[in-house]
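Residue strings, one per chain:
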Amino acid sequence: MSVTHLPNTHYTGLVLDQKKQLLGEGFDWLANLRKQAAEQFSASGFPTFREEEWRYTNITPIEKNQFTLPDVAGQVDSAFVDSVLLDDCHHIVFVDGFYQAELSSLKDIPNGVIVSALSDGLVDNEALIKSLLDSVVETPALGFINFNTALFSDGALICIEENTVVDKPIQVAFISSKQGALTLSNTRNLILAQASSKAQIIETYHAVDDSCYLTNVVSELVVEPNANLSHHRLQSESTSAYHIGGVYSRLEKNAIFNQNSYTFGASISRTEAHATLGEASDCTMDGLYVGQDRQHMDQHTRLNHAQPHAVSNEFYKGILGDHSTGVFQGRIIVAQDAQKTDAAMNNRNLLLSDRAEVDTKPQLEIYADDVKCAHGVTVGQLDDAAVFYLQSRGVDNQTAKNMLTFAFANEMIERVSFEPLRMALLANLLKRFPQAGMKKEWL
């Protein structure tokens, strides 16, 4: 069997030989899928800013680095793991892209729920993995997706069986160790919510120290008829790292799906959130991105209304300070047969510096005539009158600005009903905009 391994320094092509063994040895269908993805990537390479979908994001710094695929996971202090694992959750933990059974807590997973690493699930759930892998992402796949398919080392498999309600959220935690510097972490998550099930999934991304590495992750989700699935994504990587992530979902008839994205880390990050909506399905997408220094954050969403009577609501907020840059590209597509569609998109941005920049590009592509679609975009700065008012009440200038900025972002965080996640988001926000004298019980 041919095994895919790391491409050359500039990623101009993927090489096939026996040097780097990847997950799936002995599974011909997976080897063929990897080979096909490798060949497609070799032909197209990574996307460039000359492409319309990537015109605002230059990934040249990623291509110039010499990232390597690690053979094993690095060491992570248990105290750090405890600090990023949320209370009252089931946990499955990956370090440098490899599953860590001793750090996970899956013993109390209820009946009717499958949670495992792909590395374990290939033996027990091969048919399920084969049916889900590469089934939701767009075809032909883009560069980073092909790159992921060819090289993914592991990832989470989650299946909520029919009529099952999961008792508490499932956290999929990805951690980069100190030994993870200049490494490539490629992971793939496969999530299936079967008919009339209900669950909440939380993906988190953290690093032990401020090192440079590349995370490339793809999550594929299928929400079957009458199922209700919530998916949260907290990206708090090293500010020296690079993060490319995508959440690709398919909603079937009467499905309900809530996808929430919170971006705080990475030097260059791009988050894709794509959903295809079936008949009478309901999709909500919320997002918050907070950039400082010279961070670049690209949020790219696509809602494809393929069937009639579906509803979608999308609301993203961005905060950009210092020399940071942000991108929001939101696209709603309404197919010809998708009559009675109700879709709304809103993007609001706050610039904290004259040097900060945001490029926002909402798009409506409508082929049906009986629809209700709307979009709105705002870009602004803090209200000087509001800052002055707080200063007149004895608050110093910087604290006044922090309070107003916090209030702008907190609207998105207040939408999170699960308290441990909400507190983790508040901690990330307060780290960037400290509030003098704020007490924990006020949050």
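Residues numbered from 1 in each chain as written. Predicted model: local features only at pLDDT ≥ 70, side-chain atom pairs only at ≥ 80, totals over all residues. Heavy atoms only, no water.

S.K.: For the overall build of the chain, give the residues involved together with the corresponding values.
M.R.: Summing up its helical and strand segments, the chain has nine helices and 21 strands in all. Computed over its C-alpha atoms, the radius of gyration of the chain comes to 21 Å, within 12% of the 22 Å expected for a compact globule of 443 residues. For the C-alpha atoms alone, the extent of the chain along its principal axes is close to 70 × 55 × 50 Å. If you sum the accessible surface of the chain, you get close to 18,200 Å²; carbon and sulfur atoms cover 46% of it. Between the mean site of the 34 positive side-chain charges and the mean site of the 55 negative ones, the chain shows a separation of 4 Å. (Helix = DSSP H or I, 4+ residues; strand = E, 2+ residues; numbered from the N terminus. Rg over C-alpha atoms; globule rule 2.2 N^0.38 Å. Areas by Shrake-Rupley, 256 points an atom, 1.4 Å probe, with all protein chains shown as cover. Lys, Arg positive; Asp, Glu negative; His and termini not counted. Charge placed at Lys NZ, Arg CZ, Asp CG, Glu CD.)

S.K.: Requested: an account of the pattern of salt bridges, with residues and values cited.
M.R.: As enumerated under the stated definition, the model contains 13 salt bridges in all. With a shortest N-O distance of 3.6 Å, Glu53 and Arg302 are connected by a salt bridge. Taken as a pair, Glu53 in the loop between helix H1 (28-44) and helix H2 (60-64) and Arg302 in strand S16 (residues 296-305) lie far apart in primary sequence, 249 residues in all. On the basis of relative accessible area, Glu53 is assigned to the partly exposed category, the value being 23%. (Salt bridge = Lys/Arg side-chain N within 4 Å of Asp/Glu carboxyl O. Buried < 20%, exposed > 50% of the residue type's maximum accessible area, 1.4 Å probe, protein only.)

S.K.: Which residues make up the sheet that holds strand S8 (residues 184-193), and what are the values?
M.R.: The mixed open sheet is built from nine strands, whose spatial order is S5-S6-S8-S10-S12-S14-S16-S18-S20. Of all strands in the sheet, those bounded by a partner on one side alone are strand S5 (113-117) and strand S20 (357-366). Ignoring strand direction, the axes of neighbouring strands in this sheet form an average angle of 5°. Where S8 and strand S10 (residues 214-223) come together, 10 bridges link them in parallel fashion. Looking at S10, one finds that Ala193 is bridged to Val223. Against the sheet, helix H6 (residues 143-151) touches S8, S10 and strand S12 (242-251), its axis set at about 90° to S8. (Pairing = 2+ DSSP bridges. Axes fitted to C-alpha atoms, helices over the stretch in contact; angles between N-to-C directions. Contact = heavy atoms within 4.5 Å.)

S.K.: Explain the nonpolar core to me, and be specific about the residues and the numbers.
M.R.: Membership of the largest hydrophobic core comes to 49 residues, with the highest contact counts inside it found for Val115, Ile158, Ile170, Val172, Leu229 and Cys283. The next biggest cluster of nonpolar side chains, apart from the first, holds 24 residues, and it includes Leu86, Cys89, Leu288 and Phe418. (Core = buried A, V, L, I, M, F, W, Y, C linked by side-chain atoms within 4.5 Å.)

S.K.: So what's going on with the confidence of the model for the chain? Which residues, and what values?
M.R.: On average, residues of the chain carry a pLDDT of 92, and 93% of them reach 70 or more. Every residue in residues 1-18 is under pLDDT 50, and counting partners more than four places away or in other chains gives 59 contacts. For the stretch residues 439-443, pLDDT sits under 50, and the model shows seven contacts to residues farther than four places along the chain or on other chains. (pLDDT = per-residue confidence, 0-100.)

S.K.: Provide a residue-level description of the environment of Leu23, including the pertinent values.
M.R.: With respect to the element layout, Leu23 can be found in the loop between strand S2 (15-17) and H1. Separated by 96 residues in the primary sequence, Leu23 and Ser119 have C-alpha atoms spaced 6.5 Å apart.

S.K.: Give me the lowdown on the pairing of strand S7 (residues 170-176), citing residues and values where you can.
M.R.: In terms of residue burial, S7 counts as a mostly covered element, since seven of its seven residues are buried. The two faces of S7 match: Ile170, Val172, Phe174 and Ser176 on one face and Gln171, Ala173 and Ile175 on the other face are all buried. Across six bridges, strand S3 (residues 90-95) lies against S7 in parallel orientation. From the neighbouring strand, Val93 faces S7, where its bridge partner is Ala173. Direction of pairing for S7 relative to strand S9 (residues 198-207): parallel, over a ladder of seven bridges. In the strand pairing of S9, Ile175 is matched with His206.

S.K.: Before we move on, could you go through the state of the cysteines and cite the residues and values that matter?
M.R.: The tally for this structure, following the rule as stated, stands at zero disulfides. For the unlinked cysteine Cys89, the closest cysteine sulfur is that of Cys159, found at 19 Å. Residue classification places Cys89 among the buried residues on the basis of a relative accessible area of 6%. Looking at Cys373, it has no disulfide partner, and the nearest cysteine sulfur is the one in Cys283, 14 Å off. In this structure Cys373 comes out as partly exposed when scored by relative accessible area, which is 23%. (Disulfide = S-S within 2.5 Å.)

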